[in-house]
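Listed below are the residues making up each chain.
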Amino acid sequence: MLFDTIIKNVEIVDGTNEASYHADLAIKQDRIAKIGDLAGFEASKIIDGQGQVLSPGFIDVHTHDDTNVIRYPDCLPKISQGVTTVIVGNCGISASPATLHVAPPDPMNLLGKQEDFKYPTFAEYATAVEQAEPAVNVAALIGHTTLRNNVMDELLREASEGELQSMQTALAQAMAEGALGLSSGLAYASAKQATASEVMRLAEVLAEFGGIYTTHMRTEFEEILSAMEEAFETGLHARVPVVISHLKCAGAGNWVCSRQR
């Protein structure tokens, strides 16, 4: 059999938690076709791995690469470290679905300038990513702060019932168009006034689509345990998995947390 590529003489770590092993690996039509001793096989391209480790690509689960994967599709900082998939839209900020009439508020400005937020629907963002053909796979969360900014004239307050319903509708549409879930950044001023109920009601949308809820919690200081409880209660209420983005204690809270372990 003629393979497209054979990578010879490598130490394979296959991601199954089994011990690594020495072998050759063949690729055909962008798929792993055979693993083992391939000394008798031919390929259009043969690479001598020189005993180096060959493994599945790493997933960077917490990034703010929403616009970077479009603006800089070579993604060299990622692929040079073995990262082949990035999760974008973390901490409540996402490039879509976003409609900005002024400069993005903090921390949405981490993702770029106003002109970089040009994807009013998730489908338009997904199309832009596909057209850019980044060197990594991209899976995207929808930011709670992004949803708030679309419908609220002032972020330093609770959302009204009408605003919340508009956010639910936008989130449902994004999930239907392929988004991974919802993220929040409740530690930031732009989302801190959102009630736990507001976030729970948005998270309710996720269950129908098998989505996840990821959160940069309200605090990493003395009240961290309460913040964790809020995150867990949100997941239980909505019946969806919860990911805590930054599991750490900060500042004076270090002493409190160490005493309570």
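You'll find the structure just up there.
The structure reproduced in this document is the subject of the present report.

1. Topic: the overall build of the protein chain
A count of helices and strands for the protein chain gives 9 helices and 11 strands. In terms of principal-axis extent, the alpha carbons of the protein chain reach across some 70 × 50 × 30 Å. Taken across its 261 residues, the protein chain has 43% of its residues classed as buried. Of the contacts formed within the protein chain by residues at least 6 apart in sequence, a portion of 71% connects residues at least 24 apart. For the protein chain, the centre of its 18 positive side-chain charges and the centre of its 34 negative side-chain charges are spaced 2 Å apart.

2. Focus: unusual backbone geometry
Look at the link from serine 96 to proline 97: it is a cis peptide, with omega at -10°. With respect to the helices, strands and loops of the structure, proline 97 is situated in the loop between β7 (83–88) and α3 (122–132). Residues aspartate 106 and proline 107 are joined by a peptide bond in cis, for which omega reads 5°. When you line up the elements, proline 107 lands in the loop between β7 and α3. One non-glycine residue with positive phi stands out, namely aspartate 30, at about 65°. For aspartate 30, the location among the structural elements is in the loop between β2 (21–28) and β3 (31–36).

3. Description of the nonpolar core
Residues Val69, Tyr125, Leu171 and Leu206 are the most contacted members of the largest nonpolar core, which totals 36 residues. Those elements that provide at least two residues to this core are α1 (68–71), β7, α3, β8 (137–143), α5 (161–176) and α7 (196–203). It is α5 that contributes the most residues to this core, 5 residues altogether. If near-sequence neighbours (up to four positions away) are discounted, leucine 206 is found in contact with Leu171, Met175, Gly181, Leu182, Gly211, Ile212, Tyr213 and Val240. Judged by nonpolar contacts, the second largest core, of 6 residues, contains Ile93, Leu100, Met108 and Phe117.

4. What about α7?
By the burial criterion, the buried members of α7 are Glu198, Val199, Met200, Leu202 and Ala203. Where α7 is buried, its residues touch α4 (144–151), α5, β9 (181–185), β10 (212–216) and α8 (224–238).

5. Some points on the pattern of salt bridges
Across all of its chains, the model carries 9 salt bridges by this definition. A salt bridge links aspartate 116 to arginine 71; the nearest nitrogen and oxygen atoms lie 3.8 Å apart. Of this pair, aspartate 116 sits in the loop between β7 and α3 while arginine 71 sits in helix α1, and the two are 45 residues apart along the sequence. The exposure class assigned to aspartate 116 is buried, which follows from its relative accessible area of 15%.

6. Observations concerning the sheet that holds β7
Here 6 strands make up an open sheet; going across it, the order is β6-β7-β8-β9-β10-β11 and the pairing parallel. Both outer strands of the open sheet, β6 (58–60) and β11 (242–244), are each paired with one neighbouring strand and no more. The mean inter-strand angle of the sheet, taken between neighbouring strand axes irrespective of direction, is 25°.

7. A closer look at the environment of aspartate 153
For aspartate 153, the position within the fold is in the loop between α4 and α5. It is 22 Å that separates the C-alpha atoms of aspartate 153 and alanine 174, two residues lying 21 residues apart in sequence. Within polar-contact distance, the side chain of aspartate 153 engages the side chain of arginine 157 at 2.9 Å.

Conventions we followed
- Residues numbered from 1 in each chain as written.
- Predicted model: local features only at pLDDT ≥ 70, side-chain atom pairs only at ≥ 80, totals over all residues.
- Heavy atoms only, no water.
- Helix = DSSP H or I, 4+ residues; strand = E, 2+ residues; numbered from the N terminus.
- Buried < 20%, exposed > 50% of the residue type's maximum accessible area, 1.4 Å probe, protein only.
- Contact = heavy atoms within 4.5 Å.
- Lys, Arg positive; Asp, Glu negative; His and termini not counted.
- Charge placed at Lys NZ, Arg CZ, Asp CG, Glu CD.
- Core = buried A, V, L, I, M, F, W, Y, C linked by side-chain atoms within 4.5 Å.
- Salt bridge = Lys/Arg side-chain N within 4 Å of Asp/Glu carboxyl O.
- Pairing = 2+ DSSP bridges.
- Axes fitted to C-alpha atoms, helices over the stretch in contact; angles between N-to-C directions.
- Polar contact = N/O pair within 3.5 Å; in protein donor to acceptor, adjacent residues only side chain to side chain.

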